[in-house]
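Topology and contacts: notes
Residue strings, one per chain:
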4 protein chains.
Amino acid sequence: MGAAMRFFSDNAAPACPEVLEALAAANRMDTAYDGDAWSKRLNAALSAVFERDVEALWVSTGTAANSLALAALCPPHGSIVCHRDAHIQNDECGAPEFYTGGAKLLLGEGEGAKLAPDTIAAMLATVRNDVHQVQPAALSITNATEYGRVYTPAETAALGDLCKARGLGFDVDGARFANAVARLDCAPAELTWRAGVDALSFGFVKNGGLSAECLVFFDPALAAATHYRRKRAGHLLSKGRYLAAQILAMLDKDLWLANARAANGAAARLAQAAGDDRLVLPAEANEVFIRVSAEEAAALRAQGFDFYDWGPGEARLVTSWDSDPDHVDALAAAIRAL
Amino acid sequence: MGAAMRFFSDNAAPACPEVLEALAAANRMDTAYDGDAWSKRLNAALSAVFERDVEALWVSTGTAANSLALAALCPPHGSIVCHRDAHIQNDECGAPEFYTGGAKLLLGEGEGAKLAPDTIAAMLATVRNDVHQVQPAALSITNATEYGRVYTPAETAALGDLCKARGLGFDVDGARFANAVARLDCAPAELTWRAGVDALSFGFVKNGGLSAECLVFFDPALAAATHYRRKRAGHLLSKGRYLAAQILAMLDKDLWLANARAANGAAARLAQAAGDDRLVLPAEANEVFIRVSAEEAAALRAQGFDFYDWGPGEARLVTSWDSDPDHVDALAAAIRAL
Amino acid sequence: MGAAMRFFSDNAAPACPEVLEALAAANRMDTAYDGDAWSKRLNAALSAVFERDVEALWVSTGTAANSLALAALCPPHGSIVCHRDAHIQNDECGAPEFYTGGAKLLLGEGEGAKLAPDTIAAMLATVRNDVHQVQPAALSITNATEYGRVYTPAETAALGDLCKARGLGFDVDGARFANAVARLDCAPAELTWRAGVDALSFGFVKNGGLSAECLVFFDPALAAATHYRRKRAGHLLSKGRYLAAQILAMLDKDLWLANARAANGAAARLAQAAGDDRLVLPAEANEVFIRVSAEEAAALRAQGFDFYDWGPGEARLVTSWDSDPDHVDALAAAIRAL
Amino acid sequence: MGAAMRFFSDNAAPACPEVLEALAAANRMDTAYDGDAWSKRLNAALSAVFERDVEALWVSTGTAANSLALAALCPPHGSIVCHRDAHIQNDECGAPEFYTGGAKLLLGEGEGAKLAPDTIAAMLATVRNDVHQVQPAALSITNATEYGRVYTPAETAALGDLCKARGLGFDVDGARFANAVARLDCAPAELTWRAGVDALSFGFVKNGGLSAECLVFFDPALAAATHYRRKRAGHLLSKGRYLAAQILAMLDKDLWLANARAANGAAARLAQAAGDDRLVLPAEANEVFIRVSAEEAAALRAQGFDFYDWGPGEARLVTSWDSDPDHVDALAAAIRAL
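Read on for an overview of the structure. (Residues numbered from 1 in each chain as written. Chains lettered and ligands numbered in written order. Predicted model: local features only at pLDDT ≥ 70, side-chain atom pairs only at ≥ 80, totals over all residues. Heavy atoms only, no water.)

1. A short note on the overall build of chain A
Within chain A, the secondary structure is distributed over 13 helices and 12 strands. Compactness check: chain A gives a C-alpha radius of gyration of 20 Å against a globular reference of 20 Å for 338 residues, within 12% of the reference. Here the C-alpha coordinates of chain A stretch approximately 55 × 55 × 30 Å along the principal axes. Going through the 338 residues of chain A one by one, you find that 65% of them count as buried. By sequence separation, contacts in chain A at least 24 residues apart represent 75% of the contacts at least 6 residues apart. (Helix = DSSP H or I, 4+ residues; strand = E, 2+ residues; numbered from the N terminus. Rg over C-alpha atoms; globule rule 2.2 N^0.38 Å. Buried < 20%, exposed > 50% of the residue type's maximum accessible area, 1.4 Å probe, protein only. Contact = heavy atoms within 4.5 Å.)

Here it is in structure tokens:
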């Protein structure tokens, strides 16, 4: 077998052809920043997806989208409840702290990087309501989570109710939002504003995009200061049309859902091969966590499969929109043969 | 003529074909962030351009590149000397303050947005050396300037000498660095490290790029913390190869210089048409500032030429790598006919 | 003559006896932070001074008071209009930038460090209303100014009208507010909320206090976040009662006004001695700026008078609540004799 | 019995007479800020205490001292290892985040709010050495801890060795450093620089001071930027001599140790009365944590003793330099009688 079969990360995948075509189609003179024809269509396109008027801003990274959302929801003297395994805590080099001006993250526990209302309520109960402590201002969840689990509409709504009762803003890191929607086969609105979500970092890059993520505010008023923050953070690209065009291309004919279904389907085949004994967690999106000994991991790699170890005795397999069915079948077979 | 002939901004121009081809060529699976093959070639490619070992980081915007450079050169309790008309002061919504943690910009005067050593020395002389005042830590110039002027190697070196004598870091906002090099026909090293420059925001987007700028540190040690700051600011794209590929494509066979020469040449034709009486400033790069009455401006617009008014009685004409020679000739003729 | 006669700064003066007595009287166990009996009286005491319900917070320095006020009025992506000679620009090492999270100061001109509405309107007119520029959010004036001038109630109200019309918050740095009120013999309300002022840094230290300044919000709602910001900045002293006690002692029987009148009166005697020819500016508070040659300044110093040179050919003489009448008379005579 | 007998907090105690006398003695004109005679003696006085040249800065609060120390040791993209119960995490409203520009606190566990080297090593092992995660830059411990425990010289040195091996700065929150030294009867140097400590927030306010804490840098070079940060944070008081005078008065004839011994002794009597069954933790400084039922706590309060509940079934009793021996004896008797 020639080249390695890589199951490292959906970040490693290429952009899908429609995205490259969209870049080419946008490659003509237009107004700079977000004054161009593509950027001007963004609000309407996202409003259609979410079945209400939203305000949408393109940015280049999920880190920027997450951090801008959190800065809109939490003051410097506030805190953001999130899971201990959240991307915003572990993989953004303190970007939330930078953008918020030094807010704290309050870290909670829960299987598969999911937070439950009871857990959050217990966390909130530890905070004294005085000026000596930062006061909780927002909740941030990741859907699908960093461990490939999803929050259902009902679970999300339960968190939204808690947020409303406690006066917390509600943010969703949706780097793999498409995979969650594809898995749940629900309306995007059910996982967001109808469940009380204020802001969504709607990810496209892991799902076949090249360099465009979309920050969606379900209350457009929340977005006002964010336009300044985006510019101030250096995220208002001068040729913004190329970002808007990517997003529009992936919304067109629900390509974002088709791509996510492909990735989820590949993961499901791997999970089925792994079986209950090997699966660390149910594989609900495009990430599969399996138990493998060091020898087994080495054996898989010797067959050309690349992936990350994920703690002792575990491996993470990530599929993407373009996972080669032959590679997936080969890996499934190799896992079965362990 | 159907469509408008636009001389608004080089930001409005499309990306050049080689850049789109590079995106297509990079469109295959590779390691995420800056671990890919293209990103790994960046330091060497820029080191070749500058004839010394440099550390180069891609980012998506000039604002990010400038602000990261300034954060590397100036502490929160420091100040940055720049021209009153500098982009970092007027067009970045306070990004330098955001990235530095609240440094001040000290604003100086000078024709064509150029600062002279005497001006800077006089500015520095107003600062008391005590803890009640932020202490000057860096100088930032723009080359070519916001008014289409260039600093020569000798002028740059004189500023570099001042920086060295005063212990200031030296940053160049090179959003149109290519236009300056093309104009001066000098080695890039002459306008940078040989003249004492520490950091350069090397612009590609205005010059035919799509979404990639390059931050260059001439002392690689200066870059160490910047890798963290870039991530923390949300500027470490997960599919960074598409940024590196753009830059590499534009460095290849000196496309960056060819593009800049095209833009400069178009500007020169407009400047020649304007003549000394109409020219507000010498047109040394790709921006031409001319004196026009409101009626004259209206007359030009009526003929299909779009551009910005620039203060009362003045207009700014910007050319780009792809300025249509017919449009340029038409505008030159229209200016002559005023 | 033995010890030098010092006219350097009102910061150098001792605390007045009533303040020390108040410290002694407060020297018993009480609740920490601002839960003590003295701190709880602060709002009422200041509300009486200002003839309306205000929210008052003690802090240790004018820099903290000013910066907290500005942080309440200006977001990180905003700007604060102030005079080029303002203390917040020149003497606080960037504290406003630190507390606001990186806002900009827009610097205006005006004799005696005073800003006029026309000047401010012209400054505002230079700001484009787009996301590329920080947007003006507040005006900050100093009354009495850094050059010993005062804003009258009418002048203040004119600025307040401008702020209201333009949506700007209105802050007064009142390090020498007492001197302004003493000079104008007006109700404190006339120089503050009746004139549209939102926040006042009400200075006590220069006027006979030891370590207590008072930040006053005329709309208590504005103060809500400031309680957190004060703690977060390390300005919530654990034994806050000693700060509250100082302020209460100086408000009692209008000691603050008596002290300010003493300082103003001493300055007036010096100004009279200087005469129109030597006076750089009218001496309306407790600072006198006079023209003296280097030889004259040396001659004064040879007689035991200490003071700061203030630019070439000028000297600053500052009086305080306890300026020794004999020293003042001696300096007045020495100036006359130059 | 008339007034309540309060065991709430050492913050509630008055200042000791020597401190008030020192304020009176300093109450004459002198140079402002830290140019006065008292401030100039500070470095020498602290250098004598610590048996080496140190750089000492007065500030008004422990929060300011801690935060300035951390800002000197940790960049915005770094993290600070501390105990989950640390004051810097729970009681400073995010001041460390504010001063550092958004660093993270990494929270560890350990009985009595003490961290052990193994715990810290395990925490460090969870951090990937890449730009996606903030990198540990400093360790901060509290001695005596928030739970009245002390780190011995040997324990401190073991942590210092770890810091040195891992390239971490080492900060001690010494709000009750005096109590630790008094308990251990060791040289202050043994608990600080000889054990590898870089910065100490040396507390005086809880120990009989009025408003002065002392930030000590054992490497004076570390202090350079802190002078600017102190000013920028509004902590450079204009009449700084009153802070320096307090510290000098408490260092004189080792008053700080005498005061701490008094407080520790009172706590020891309470701890003895409580006995092993009631003591939650050994009482090594001036805080005693005891197990009491709600009924028992109510019974104590009915007898005039005030204190905080500390979690379910526990109470915190804090003594201070001036704890009334009769009150202490009464409380000891009451505890025995429960």
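2. Looking at the relation of the copies chain B and chain A
Rotating chain B by 180° about the axis while translating it 0.0 Å along that axis superimposes it on chain A, leaving an RMSD of 0.0 Å. The superposition of one copy onto the other is thereby described by a two-fold rotation axis. Closest approach to the rotation axis among the C-alpha atoms of chain B is made by Ala-233 of chain B, whose C-alpha sits 3.5 Å away. (Least-squares fit on C-alpha atoms with pLDDT ≥ 70 in both.)

3. Things to note about the pattern of salt bridges
Throughout the structure, instances matching the rule amount to 68 salt bridges over all chains. In this structure, the salt-bridge partner of Arg-84 of chain C is Glu-109 of chain C, at a minimum N-O distance of 2.8 Å. You can see Arg-84 of chain C sitting in the loop between β3 (78-83) and α4 (87-90) and its partner Glu-109 of chain C sitting in the loop between β4 (104-108) and α6 (117-125), a full 25 residues away along the chain. Arg-84 of chain C sits in the partly exposed class, given a relative accessible area of 30%. By relative accessible area, which is 48% here, Glu-109 of chain C ends up partly exposed. Of the charged contacts in the structure, one is a salt bridge between Glu-287 of chain D and Arg-176 of chain D, with a shortest N-O distance of 3.4 Å. In this pair, Glu-287 of chain D is assigned in strand β9 (residues 287-291) and Arg-176 of chain D in the loop between β6 (169-174) and α8 (177-184), connecting sequence segments 111 residues apart. Take Arg-176 of chain D: its relative accessible area is 9%, and that puts it in the buried class. Where salt bridges share partners, they join Asp-10, Arg-176, Glu-287 and Arg-316 of chain A into one cluster. (Salt bridge = Lys/Arg side-chain N within 4 Å of Asp/Glu carboxyl O.)

4. Examining the sheet that holds strand β4 (residues 104-108) of chain B
Residue and element names in this part refer to chain B. The sheet built from seven strands is open, its strands ordered β2-β8-β7-β6-β5-β3-β4 with mixed pairing. The strands lining the two open edges of the sheet, one partner per strand, are β2 (55-59) and β4. Shown here is a sheet whose adjacent strand axes are inclined to one another by a mean of 20°, direction ignored. One ladder, built from five bridges, connects strand β5 (residues 135-142) with strand β6 (residues 169-174); its direction is parallel. Residue pairing for β6: Thr-142 is matched across the bridge by Asp-173. (Pairing = 2+ DSSP bridges. Axes fitted to C-alpha atoms, helices over the stretch in contact; angles between N-to-C directions.)

5. Brief notes about the nonpolar core
Nonpolar side chains in soluble globular proteins generally cluster together in the buried interior. Of all hydrophobic cores here, the largest spans 139 residues; its most connected members are Leu-46 and Phe-202 of chain A together with Leu-46 and Phe-202 of chain B. Sequence-distant contacts of Leu-46 of chain B, that is, excluding residues within four places in its chain, are made with Val-54, Ala-56, Phe-202, Cys-214, Val-216, Ile-247 and Leu-251 of chain B. The next biggest cluster of nonpolar side chains, apart from the first, holds 138 residues, and it includes Leu-42, Leu-106, Leu-115 and Leu-236 of chain D. (Core = buried A, V, L, I, M, F, W, Y, C linked by side-chain atoms within 4.5 Å.)

6. Some words on the environment of Ala-273 of chain D
Residues and elements named next belong to chain D. In this structure, Ala-273 sits in helix α11 (residues 255-278). C-alpha separation for the pair Ala-273 and Arg-336, spaced 63 residues apart in sequence, amounts to 5.6 Å. With residues up to four places along the chain from it excluded, the contact list for Ala-273 reads Ala-332, Ile-335 and Arg-336.

7. Considering the sheet that holds strand β8 (residues 213-217) of chain A
Residues and elements named next belong to chain A. What the seven strands build is an open sheet, ordered β2-β8-β7-β6-β5-β3-β4; its pairing is mixed. Strands with a single pairing partner mark the edges of an open sheet, and in this sheet they are β2 (55-59) and β4 (104-108). Along the sheet, successive strands turn relative to each other by an average axial angle of 20°, direction set aside. In this sheet, β4 lies alongside strand β3 (residues 78-83) in parallel orientation, the contact comprising five bridges. By the bridge assignment for β4, His-83 is matched with Gly-108.

8. Topic: the packing of aromatic side chains
All names here are of chain A. According to the stated counting rule, one finds 54 aromatic pairs over all chains in the structure shown. Pairwise contacts between aromatic rings join Phe-50, Phe-177, Phe-202, Phe-204, Phe-218 and Trp-256 into one cluster. A cation over a ring is seen here: Arg-301 above Phe-307, with NZ or CZ 4.2 Å from the ring centre. (Phe/Tyr/Trp six-rings, centres within 6.5 Å; stacked < 30°, edge-to-face > 60°. Lys NZ or Arg CZ within 6 Å of the ring centre and 35° of its normal.)

9. Remarks on the interface of chain D and chain C
With 46 residues of chain D at the interface, the matching set in chain C holds 46 residues. Summed over both partners, the interface of chain D with chain C comes to about 4000 Å²; 58% of that surface belongs to carbon and sulfur atoms. Three residues, Phe-98, Arg-232 and Lys-239 of chain D, lead the burial of chain D against chain C; their summed loss comes to 19% of the area buried on that side. Between chain D and chain C we count zero salt bridges in total. (Buried area = accessible area lost by both parts, 1.4 Å probe.)

10. Concerning the relation of the copies chain D and chain C
Screw-axis analysis of chain D against chain C gives a translation of 0.0 Å along the axis, an RMSD of 0.0 Å, and a rotation angle of 180°. In this assembly, 100% of the residues forming the interface of chain D have copies in chain C that are likewise at the interface, indicating an isologous arrangement.

11. What about the interface of chain B and chain A?
Frequently, the measure chosen for interface size is the accessible area that the parts lose on association. The interface of chain B with chain A comprises 46 residues on the first partner and 46 residues on the second. The junction of chain B with chain A conceals about 4000 Å² of combined surface from both sides, 58% of it contributed by carbon and sulfur atoms. When the buried area of chain B at its contact with chain A is split by residue, Phe-98, Arg-232 and Lys-239 of chain B rank highest and sum to 19% of it. Linking chain B with chain A are zero salt bridges. Among the secondary structure elements, those contributing two or more residues to the side of chain B that touches chain A are α1 (17-25), α4 (62-73), α6 (95-100), α10 (224-232) and α11 (241-251) of chain B. A per-class count over the side of chain B that touches chain A returns 22 nonpolar, 13 polar and 11 charged. (Nonpolar A, V, L, I, M, F, W, Y, C, P; charged D, E, K, R; others polar.)

12. Side note on the environment of Asp-324 of chain B
Residue and element names in this part refer to chain B. On the secondary structure map, Asp-324 appears in the loop between β12 (314-318) and α14 (325-336). Look at Asp-324 and you get partly exposed, because its relative accessible area is 31%. Measuring from C-alpha to C-alpha, the distance between Asp-324 and Arg-6 comes to 9.7 Å, with 318 residues separating the pair along the chain.

13. Re helix α13 (residues 325-336) of chain C
All names here are of chain C. For α13, with 12 residues, the first-to-last C-alpha span of 16 Å sits near the 16 Å given by 1.5 Å per residue. The complete set of buried residues in α13 reads Val-328, Leu-331, Ala-332, Ala-334 and Ile-335. Along α13, the residues classed as buried sweep out an arc of 165° about the axis, all on the same side. The exposed residues of α13 that point more than 90 degrees off its buried face are Asp-326 and Arg-336. If you follow the buried residues of α13, they end up packed against α11 (255-278), β9 (287-291), α12 (294-302), β10 (305-306) and β12 (314-318). One side-chain oxygen at the N-terminal end of α13 lies 2.8 Å from the backbone nitrogen of Asp-326; it belongs to Asp-324. (Expected span 1.5 Å × (residues − 1). Arc of directions from axis to C-beta. Polar contact = N/O pair within 3.5 Å; in protein donor to acceptor, adjacent residues only side chain to side chain.)

14. A few points about helix α3 (residues 62-73) of chain D
Turn by turn, an α-helix covers 3.6 residues, leaving residues three or four places apart pointing in a common direction. Residue and element names in this part refer to chain D. The end-to-end C-alpha separation of α3 is 17 Å, in line with the 16 Å expected for 12 residues at 1.5 Å each. Where burial is concerned, most of α3 is hidden: 12 out of the 12 residues are buried. Gly-62, Thr-63, Ala-64, Ala-65, Asn-66, Ser-67, Leu-68, Ala-69, Leu-70, Ala-71, Ala-72 and Leu-73 are the residues of α3 that are buried.

15. Quick look at unusual backbone geometry
With an omega dihedral of -5°, the bond running from Asn-143 of chain B to Ala-144 of chain B counts as a cis peptide bond. With respect to the helices and strands, the residue Ala-144 of chain B is situated in the loop between β5 and α8 (153-166). Not every positive phi belongs to a glycine, and Cys-93 of chain B is a case in point at roughly 50°. Its location among the elements puts Cys-93 of chain B in the loop between α5 (87-90) and α6. Of note in the backbone geometry, Glu-51 of chain D takes a positive phi value of approximately 60° without being a glycine.

16. What to know about the pairing of β8 of chain A
All names here are of chain A. With five of five residues buried, β8 lies mostly within the body of the structure. Residues Glu-213, Leu-215 and Phe-217 point to one face of β8 and Cys-214 and Val-216 to the other, with burial holding for every one of them. With four bridges joining them, strand β7 (residues 199-202) and β8 adopt antiparallel strand pairing. The partner of Ser-201 across the bridge, within β8, is Leu-215.

17. Considering the packing of helix α7 (residues 117-125) of chain B against α8 of chain B
Packed helices, taken two at a time, are described by the angle their axes make and the gap between the axes. All names here are of chain B. Two elements in contact, α7 and α8, have axes separated by 10 Å at closest approach and are oriented at 25°. It follows that α7 is roughly parallel to α8 by the angle criterion. Like other packed secondary-structure pairs, α7 and α8 cross with a definite hand, here right-handed. Contacts between α7 and α8 involve Pro-117, Ile-120, Ala-121 and Leu-124 from the first element and Ala-158, Leu-159, Leu-162 and Arg-166 from the second. (Parallel < 35°, antiparallel > 145°, perpendicular 65-115°, else oblique. Left-handed = near helix turned anticlockwise from the far one by under 90°.)

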